[in-house]
Amino acid sequence: MRVLFVSHSSVVDVYQDKLRWIAQHSDVDLTALLPERYFEGGRIVTAHRGDGTYTVKTLKSRCSTTAKQNAWHFAWLGQTVRRLQPDIVHLEEEPESYVTHQIIRKSLALKKRPKIVVFSWRNMTIPYDHWQWWHPKRILQNTLQHMTLPHVDQLLVGTHESEPLFRKVGYEGPIDVIPQYGVNPEIYSPHAGQPGFRDKLNIPRDAIVVGFVGRVLKMKGLDVLVDAIAGLNRNNLHLVVVGRGDYTSEVRQRASSLGLSDRLHIVENVQASDIPSAMKAMDMLCIPSLTMPHWKEQFGRVIIEAMACGVPVIGSTSGEIPYVIGNAGLICTEGSIDELRAAIGALADSPEKRQSLSNLGLERVHTLYTNEHIASSIVNVYRSLLHKETS
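These notes cover the structure that comes with them. The structure presented is a predicted model; accordingly, all values stated were derived computationally and were not measured. For every chain, the first residue of its written sequence is number 1, and the numbers climb from 1 along that sequence. Where totals are concerned, whole chains, interfaces and linings use all residues; where local detail is concerned, this predicted model gives features only for residues with pLDDT of at least 70, and gives and counts side-chain atom pairs only at 80 or more. Hydrogens are left out, water is left out, and the side-chain values use all remaining heavy atoms of the structure.

Concerning the overall build of the protein chain
- Regarding its fold elements, the protein chain presents 14 helices and 17 strands.
- When the backbone C-alpha atoms are referred to their principal axes, the protein chain occupies close to 70 × 50 × 35 Å.
- Each residue gets one of three labels from its accessible area relative to the maximum for its type: buried under 20%, exposed over 50%, partly exposed in between, using a 1.4 Å probe on protein chains only. Expressed as a percentage of its 391 residues, the buried residues of the protein chain come to 55%.
- In the protein chain, the share of contacts with a sequence separation of at least 24, taken over all contacts with a separation of at least 6, comes to 73%. Helix and strand definitions follow DSSP, with helices as H or I runs of at least four residues and strands as E runs of at least two, each counted in order from the N terminus. Here a residue-residue contact requires only that any non-hydrogen atoms of the pair lie within 4.5 Å.

Here we look at the packing of aromatic side chains
- Ring pairs shown here join Phe, Tyr and Trp side chains whose ring centres sit within 6.5 Å, with only the six-membered ring taken for Trp; geometry is labelled stacked below 30 degrees between planes, edge-to-face above 60, and tilted in between. If you walk through the whole model with that rule in mind, you get seven aromatic pairs.
- Seen from their ring centres, Trp 121 and Phe 299 are 5.7 Å apart, and the 50° between their planes marks the pair as tilted. Here Trp 121, found in the loop between strand E9 (115-120) and helix H4 (136-148), pairs with Phe 299, found in the loop between strand E15 (284-287) and helix H10 (301-308); they are 178 residues apart in sequence, far enough to count as distant. Assigned by exposure class, Trp 121 and Phe 299 land together as buried.
- When the centroid spacing of 5.8 Å and the interplanar angle of 75° are considered together, the rings of Phe 299 and Tyr 369 count as edge-to-face. Here the residue Phe 299 occupies a position in the loop between E15 and H10, and Tyr 369 occupies one in the loop between helix H13 (351-368) and helix H14 (371-390), the gap between them amounting to 70 residues.

Let's talk about the layout of surface pockets
- Detection works on a 1 Å grid of protein atoms alone, calling trapped sets that fit a 1.4 Å probe cavities and calling open sets with protein on both sides within 12 Å along at least five of seven lines pockets, with lining residues defined by an atom within 4 Å of a point. Grid points are joined across faces, edges and corners, and a volume is the space filled by probe spheres set on the points. Looking at the second largest pocket, its volume works out to about 250 Å³.
- Forming the boundary of the second largest pocket are 17 residues, of which Met 282, Gly 310, Val 311, Pro 312 and Ser 358 lie nearest the centre.
- The set of elements that each furnish at least two residues to the lining of the second largest pocket consists of helix H9 (275-280) and H13.
- For the lining of the second largest pocket, the leading source of residues is H13, giving five residues.

Digging into the sheet that holds strand E11 (residues 175-177)
- One open sheet holds the seven strands; their spatial order is E5-E2-E1-E8-E9-E10-E11, and the pairing between them is parallel. Sheet topology places strand E5 (55-59) and E11 at the edges, where each strand pairs with a single neighbour. Strand after strand, the sheet turns through a mean of 20° between neighbouring axes, direction not considered.
- Two strands make a pair as long as DSSP finds a minimum of two bridges between them. By the bridge criterion, three bridges tie strand E10 (residues 154-157) to E11 in an arrangement that is parallel. Residue pairing for E11: Val 157 is matched across the bridge by Val 177.
- Set on the sheet, helix H3 (residues 98-108) makes contact with strand E1 (2-6), strand E2 (29-35), strand E8 (88-91) and E9; between it and E8 the angle comes to about 175°. Only the contacting stretch of a helix is used when fitting its axis, a line to C-alpha atoms as for every element, and angles between N-to-C directions run 0 to 180 degrees.

Structural notes on H4
- By this rule, a helix spans an expected 1.5 Å times one less than how many residues it contains. A rise of 1.5 Å per residue sets the reference length of H4, with its 13 residues, at 18 Å; its end C-alpha atoms lie 18 Å apart and thus fit the reference within 8%.
- Among the residues making up H4, those that are buried are Arg 138, Gln 141, Leu 144, Gln 145 and Thr 148. Down the axis of H4, the buried side of the element spans an arc of 145°, and every buried residue falls inside it. Residues of H4 that are exposed and point over 90 degrees away from its buried face: Pro 136 and Leu 140. Here, the arc refers to the directions that run from the helix axis to the C-beta atoms.

A word on empty space enclosed by the protein
- Tallied over the entire structure, the rule returns one cavity of 30 Å³ or more.
- Empty space within the largest cavity amounts to approximately 70 Å³.
- Lining the largest cavity are 13 residues, and of these Pro 288, Ser 316, Cys 332, Thr 333 and Leu 340 lie nearest its centre.
- Contributions of two or more residues to the lining of the largest cavity are made by E15 and strand E16 (313-316).
- It is E16 that provides the largest number of residues to the lining of the largest cavity, a total of three residues.

The structure is reproduced here in structure tokens:
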């Protein structure tokens, strides 16, 4: 089967690991169509050209370097889709995105219509409920999704909250929950990374390190995390924040006001390749995300990365976090300082509990969240769609 795969985030090399696994299936001839450059992870990335096991084609695009995710589109598709004659078109773009409309329109013009698969992270009503009816984005997003969804043969979604939201706007086709990305266990494992991360931060060897990895934004709940640790009054508890964002100064100020400054370590410039080393230094990872009117946690990729590294996880009830963690970690009501404080204290007091959750996390991630497993699930969807067509 010929598969045309469109995904702005796959410009990043590590995000193409899933494509390598898809291409390993002997019945798949995979072509990834990517923008030449895209604003991803806070920087403009030039598209990775793959490892040769699948084809990567890049085209010039508009709005792809301006952080306007729903507005980006290819500047000129020309005969690209027609030359490929795909059996499957897989779009890792939201239904309300312009590029989704663009590719679907081209696909419908083919003599043999391909099966169209769309991936979505939707976990809130789109357009947002708080937008007025005359809001330009409400009008545009409504128009686009009503132009794209009737032609979608299969929705793949990253959250369990997606299905009722899509049924609400009239989508009647099949919906399967398959995360967009998993982990590469060769990169994220208990044996991955380099020792010495603690030493660089002058953290004592006998300290208990509570970690956070991600964007430093208000919605990520770092205020709750700082308050929870400060309230434990344990001088051996250190908080390591790996990431950057516009809420960094507020986190520092809060820690200072609570007497936690000397045990707060914010590391802003860490390469993706060094994340396993950072996680190796942590005794637990916290994801205290807070739901906002325009956002709630869609997945929490760092959860499965930590699990793969053998690090026990504590998460809030925001969005998809409880589903991702399952029985392999601790869940606290989002915004509850007391619950988070109790969970951190429980793990800090019990190496046995930490080890137990570490084992459960490893089992869960290797069962559900490797790129190999996710790729196999996606290929099975492709096969099912083509089988329905011929039966």
